[in-house]
Structure formats: structure tokens, C-alpha cells
Amino acid sequence: MLGTMIALRREGALAVATLVRPPVNAIDEEWLSCLEGVLDRLEGIAVLLLRSEQRAFSAGADLELMRSRFDTPAGRQRMVGFVREMQRVFARLEAAPQVTLAELGGPALGGGLELALACDLRIAAE
């Protein structure tokens, strides 16, 4: 488990990263750090499967975080920095040498859709 946000399980050359932040895997700094931790642990892995155990794959950026940041100019600058960091981590996922799959068993909104699109393949459930 990487923090309380993402569980990582290795099965030979397969790594399964399960998003576990209730209720909708909203993205904040801690969640993004956990995703980067997953990317740091992929040596010897051929395939990375990203999936969710919540009702959404990911609803994107944490709305509470966004609300708290837009109150002041300094907060807005911090939010811009957070979005840039999110884009950097997603670009790192996109450039990973492993085959990456997003298992979409629920909605992927905003940054959650960007996360899914950073993967090589997306598999959608009913």
C-alpha cells in the first residue's frame, strides 16, 4: 500500500495499482505522490494495470482542494503549481516503458480522464 490512496500488488511482470481513495479517487497532492511512488517501483515490470475499487475510476482534482485554493492569489498560484505537477506525473506515466492499462469500471472525469488517457490502453466496463 502506498499511503492510503493506492494499493500496489506485483504478480511476476505485472503490477496492479488499485486506486483506493473513497469515495471517488479525487486527486490531491498526497494521491499524486502515491501515483509517483507507483511509477518509482516499476523496475522489472512489463505491464502496469491501473484500476479502482471505488465507484469511480477517478473524479479528477479534489474539489475541496480547488475551492480552498481559489480564495487568494497565492492559493491560485499553488493550484497552478499543482496542475503542472499533475501534468508532469501523467507525462511520466505516458512515457513509461511498460505497457499501461486503465481499467475503467466507473466514471473518469477531469484529471481522472487525463490519467486514463496517459495509459497506453483503456478497458471500459459496462
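These figures come from a predicted structure and were not determined experimentally.

Peer 1: Got a minute to help me understand the nonpolar core in this structure?
Peer 2: Here is a general trend for soluble globular proteins: nonpolar side chains tend to be buried in one another's company. Ranked by size, the top nonpolar core spans 31 residues in total, and within it Ile6, Trp31, Phe57 and Leu115 carry the most contacts. Looking at this core, the elements with two or more residues in it are strand 2 (14-19), helix 1 (29-40), strand 3 (47-52), helix 3 (73-95), strand 4 (99-104) and helix 4 (111-118).

Peer 1: What is the right way to look at the sheet that holds strand 5 (residues 121-124) in this model?
Peer 2: For sheets, the rule is that strands pair by backbone hydrogen bonds, running either parallel or antiparallel. Spatially, five strands are ordered 1-2-3-4-5 in an open sheet, and the strand pairing comes out mixed. The outermost strands of the open sheet, each flanked by one partner alone, are strand 1 (6-11) and strand 5. Between one strand axis and the next, the sheet turns by 20 degrees as a mean value, whatever way the strands run. Sheet strands in contact with helix 1 are strand 1, strand 2 and strand 3, and its direction is about 10 degrees off that of strand 1. Across the face of the sheet, helix 4 comes into contact with strand 2, strand 3, strand 4 and strand 5 while running at roughly 140 degrees to strand 4.

Peer 1: So what exactly am I meant to see when it comes to the packing of helix 1 against helix 3 here?
Peer 2: Two numbers describe a pair of packed helices, the interaxial angle and the distance between the axes. For the pair helix 1 and helix 3, interaxial distance at closest approach is 10 Å and the crossing angle is 20 degrees. The pairing of helix 1 with helix 3 is recorded here as roughly parallel in orientation. Helix 1 and helix 3 meet at a crossing whose hand is left-handed. Contact residues: Glu29, Leu32, Leu35, Glu36, Leu39 and Asp40 in helix 1; Arg78, Phe82, Glu85, Met86, Arg88, Val89, Phe90, Arg92 and Leu93 in helix 3. Across the contact of helix 1 with helix 3, the residue classes break down as eight nonpolar, no polar and seven charged.

Analysis parameters
- Residues numbered from 1 in each chain as written.
- Predicted model: local features only at pLDDT ≥ 70, side-chain atom pairs only at ≥ 80, totals over all residues.
- Heavy atoms only, no water.
- Core = buried A, V, L, I, M, F, W, Y, C linked by side-chain atoms within 4.5 Å.
- Buried < 20%, exposed > 50% of the residue type's maximum accessible area, 1.4 Å probe, protein only.
- Helix = DSSP H or I, 4+ residues; strand = E, 2+ residues; numbered from the N terminus.
- Pairing = 2+ DSSP bridges.
- Axes fitted to C-alpha atoms, helices over the stretch in contact; angles between N-to-C directions.
- Contact = heavy atoms within 4.5 Å.
- Parallel < 35°, antiparallel > 145°, perpendicular 65-115°, else oblique.
- Left-handed = near helix turned anticlockwise from the far one by under 90°.
- Nonpolar A, V, L, I, M, F, W, Y, C, P; charged D, E, K, R; others polar.

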